[in-house]
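# Breakdown of the fold
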Amino acid sequence: MRRRTDCRSRAGGGPDPAPPGPAMRSSPSWARRRSDGSTRRSGRHGKPFIGSDSLRVERAYRRLLDAGEPEGAEPETTGPVCVRSGLYEVDVTEGECYPVYWNQADKIPVMRGQWFIDGTWQQPLDEDEGNSIEQEHLKCFRGQQMHDNFDLEVAKPVDHKDAIHSLKLSRSHVDWHSVDEVYLYSDATTSKIARTVTQKLGFSKASSSGTRLHRGYVEEATYEDKPVDTSHIVFVVHGIGQKMDQGRIIKNTAMMRETARKIEEKHFSHLTTEHVEFLPVEWRSKLALDGDTVDSITPDKVRGIRDMLNSSAMDIMYYTSPLYRDELVKGLQQELNRLYSLFCSRNPEFEDKGGKVSIVSHSLGCVITYDIMTGWNPVRLYEQLEQHEDEETEEQWISYEEQHLLRELFLTKQRLKELEDRLQGLKNSLTTTTPALKFKVENFFCMGSPLAVFLALRGIRPGNSGKLKIIFCLEPFVTVCLISFTQQTQWPTDWNH
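What comes next concerns the included structure.

Parameters and conventions
Residues numbered from 1 in each chain as written. Predicted model: local features only at pLDDT ≥ 70, side-chain atom pairs only at ≥ 80, totals over all residues. Heavy atoms only, no water. Buried < 20%, exposed > 50% of the residue type's maximum accessible area, 1.4 Å probe, protein only. Helix = DSSP H or I, 4+ residues; strand = E, 2+ residues; numbered from the N terminus. Pairing = 2+ DSSP bridges. Right-handed = clockwise from strand over helix to strand, strands pointing away. Expected span 1.5 Å × (residues − 1). Contact = heavy atoms within 4.5 Å. Polar contact = N/O pair within 3.5 Å; in protein donor to acceptor, adjacent residues only side chain to side chain. Axes fitted to C-alpha atoms, helices over the stretch in contact; angles between N-to-C directions.

All right, on to the pairing of strand β14 (residues 232-237) then. Successive residues of a regular strand alternate their side chains across the two faces of the sheet. Most of β14 is tucked away, with six of its six residues classed as buried. Looking at chain direction, β14 and strand β15 (residues 276-281) are connected through six bridges and run parallel. Counterpart to isoleucine 233 in the pairing with β15 is glutamate 277. With respect to chirality, the unit in which β14 leads through helix α5 (residues 248-267) into the neighbouring parallel β15 is right-handed.

Right, let's talk about helix α2 (residues 127-141) for a bit. Helical geometry note: an α-helix holds 3.6 residues per turn, so side chains three or four residues apart project in the same direction. Across its 15 residues, α2 extends 20 Å between first and last C-alpha, which sits within 8% of the 21 Å expected from 1.5 Å per residue. Taken together, the buried positions of α2 are Glu127, Glu129, Gly130, Ile133, Glu134, Glu136, His137, Leu138 and Phe141. Of the surrounding elements, those touching the buried residues of α2 are β7 (108-113), β8 (115-117), β10 (165-168), β11 (172-178) and β13 (211-215). Measuring from the backbone nitrogen of aspartate 128 back to the side-chain oxygen at the start of α2 gives 3.2 Å, which picks out aspartate 126 as the cap.

Our next topic: unusual backbone geometry. Apart from glycine, the bulk of residues carry a negative phi angle, and the bulk of peptide bonds sit in the trans form. The backbone phi angle of leucine 289 is positive, close to 50°, even though this residue is not glycine. What makes leucine 289 buried here is its relative accessible area of 12%. With a phi close to 60°, serine 363 is a non-glycine residue in the positive phi region. Locating serine 363 in the fold gives a position in the loop between β16 (356-362) and α11 (364-374).

Below, the discussion takes up the environment of glycine 79. As for its placement among the helices and strands, glycine 79 is situated in the loop between α1 (51-66) and β4 (81-83). Among the residues examined, glycine 79 registers a relative accessible area of 42% and is labelled partly exposed. Separated by eleven residues in sequence, glycine 79 and valine 90 place their C-alpha atoms 8.7 Å apart.

Here we come to the sheet that holds β13. Taken in spatial order, the five strands of this open sheet run β8-β13-β12-β11-β10, and their pairing is antiparallel. On the outer flanks of this sheet lie β8 and β10, each paired with one strand and no other. Each adjacent strand pair in this sheet contributes to an overall mean axis angle of 30°, direction not counted. When β8 meets β13, the two strands line up antiparallel, connected through three bridges. Within the sheet, the bridge partner assigned to isoleucine 117 lies in β13 and is leucine 213.

Now for the side chain of glutamate 136. Examined against the element boundaries, glutamate 136 turns out to sit in helix α2. Look at glutamate 136 and you get buried, because its relative accessible area is 13%. Those residues in contact with glutamate 136 that lie beyond four places of it in its chain are His165, Leu167 and Trp176.

Take it as geometry only, folks, not as evidence of what the structure does.
Next comes the structure, spelled out in structure tokens:
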């Protein structure tokens, strides 16, 4: 069965910079290109933006082209365009795309696709080649009528039809047989030989080695093609080992995001008003800690293993150290608050609409997140242990002189505590106490968590009563599912997890 699709571009919806005639209905499509700069010849392709993103990038591009400046004046710059639910911004002037919520050394190139290879649609021609073909096409066929639609699977043969126009490119050439029948041919020696042989056997030039091109993307871009507003954000917190690979948390968060999208499309497609966004929290690289002291005292023998331990397990020792524990806690706390404030500034309706926040933590990140949420501090534990020792001392038999000294010590401590409480109350009356986090945590999920061991070492035993019951130690796949769909809904009957 033939499948027919409208030939207008995914980035359509406005006139070209040089307005064409009725034949020129197609418009460019914008896509993220791979960071290696691969093009059509390498067999790789970029990822197209959705309709609303592509349209807004195209409008910014055309404003940049139309901004005529007097000679000697500073060129006008166009502001960045938010794409992909606000996770990225496109700099049209530089032709680059960069993330908003995390740091990335390499910028992502973006390309403006105008001519596409028949049947692929994800694979536009190289931008320079596409611009050359577009200019030649407008020059020769402006005002001519194109067919409203075309066949994607069965291309109309051009046998025995001579080319009416040709354009020579660097390593190929393009033949026009009509306004909507355009073919690309390679000028490599092997391709020329193959064309000569097949044409002598009775085959046409196009059917033997030609690649049909189409102007514009397969889908028409509309502003209605846009993502739903984010109603739930999930912060993904890394654990130990981030110093070895600082980009790993970004990759893992992207995997969780893609997995959640696939499950949403398969099992929860009826939930069209909710959108969950995952944001990586990279807190380790900003910490100074001891500088390079540990590395400087590391023996050279078995250096590889020692360096790996310094970059991973050493984080646990830092957290248990009274010198560096607060730095780790404040590092994660400040990064969580920074990301939340940045997200709310770019999405001002999030809090007004009751947006929710959840946290997924891994490894040591679970312990630090838990301590931030509960306000646990080892100094408080020391005071409790000291009080417990005083109670045990009172039960033991001691002499009269010892009792007298202990009594004076107890009164002194009591007086000191009263003074400390009065001082703290005075400080609280002058300054308002701010919570550790700027948001309420709806769900807290742990993966590969040592939290149970840390709690046991703090004297907490299973079965102890407590008010905090939000810890879940689950497999990563199940965790993603539960976080993405915490709303009360009917689970699918084929749900196997």
